[in-house]
Amino acid sequence: ILTLSISAPHGGAAAASSITVSVDTAKVWNNESYIIGGGGSGGSSGTSGGSGSPGDDQGDEIDNAYSVSQASSHIGEDGVWVFGYIVGGDLSTAGTTVKTSKITKATHLAIAARSSVTAKASCIAVELPKGNIRDALNLVDHPDLIGTRVYLKGSLVPSYFGTTGLKSVSDYVLK
């Protein structure tokens, strides 16, 4: 259970400009990760698709990566970085939700803004091309990647498995 109280003082010129956030952490029922802001916030250095740690140029591009929610406003753009959490796969058989266990298809996965999202409409379907990227990211061989933050470089398309898609993935970074 998360109780979040936000208060902002109001009043005359003497009032301070601040926001106070109080969180009651007496009980934890759910643990979720949220991405707020640009791609450069938080995380540790990851592994890049077959090329080791990200270089300076790649790091700059990743800092400007689109979030899952921003990506739908950039449909048609090629060679862009998108970031989110790997939440599942088997999108062709999952109906309106993303399959999160016993994944049988290595050709794609789904990413979302939070690691707990399972609604396909809230995800980006990611095509995993044959080769190093598929070998490293497919959930058939690597089910432990579910919940991992990932940055992917590819082309945003309006529909792939019935939701926004990222195709022609050429690079990735796990964080």
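Quick notes on the rules
- Residues numbered from 1 in each chain as written.
- Predicted model: local features only at pLDDT ≥ 70, side-chain atom pairs only at ≥ 80, totals over all residues.
- Heavy atoms only, no water.
- Phe/Tyr/Trp six-rings, centres within 6.5 Å; stacked < 30°, edge-to-face > 60°.
- Helix = DSSP H or I, 4+ residues; strand = E, 2+ residues; numbered from the N terminus.
- Buried < 20%, exposed > 50% of the residue type's maximum accessible area, 1.4 Å probe, protein only.

K.L.:
Would you take a moment to explain the packing of aromatic side chains for this structure?
P.N.:
Aromatic rings considered in pairs are described by the distance between their centres and by the relative angle of their planes. With the rule as written, the count across this model stands at two aromatic pairs. For the pair Phe 83 and Tyr 151, a centre-to-centre distance of 5.4 Å together with 25 degrees between the ring planes defines the contact as stacked. Of this pair, Phe 83 sits in strand E4 (residues 80-88) while Tyr 151 sits in strand E7 (residues 149-160), placing them 68 residues apart in sequence. Neither Phe 83 nor Tyr 151 differs from the other in exposure class; each is buried. Ring plane angle 55 degrees and centroid distance 4.6 Å describe the contact between Tyr 160 and Phe 161, whose orientation is recorded as tilted.

K.L.:
When you look at unusual backbone geometry in this model, what are you seeing that I'm missing?
P.N.:
One can expect most non-glycine residues to show negative phi and most peptide bonds to be in trans. Within the chain, Lys 102 stands out as a residue other than glycine whose phi angle is a positive 50 degrees. Here Lys 102 is to be found in the loop between E4 and strand E5 (108-112). A positive phi angle is found at Ser 168, which is not glycine, with a value near 55 degrees. Mapped onto the elements, Ser 168 comes out in strand E8 (residues 163-174).

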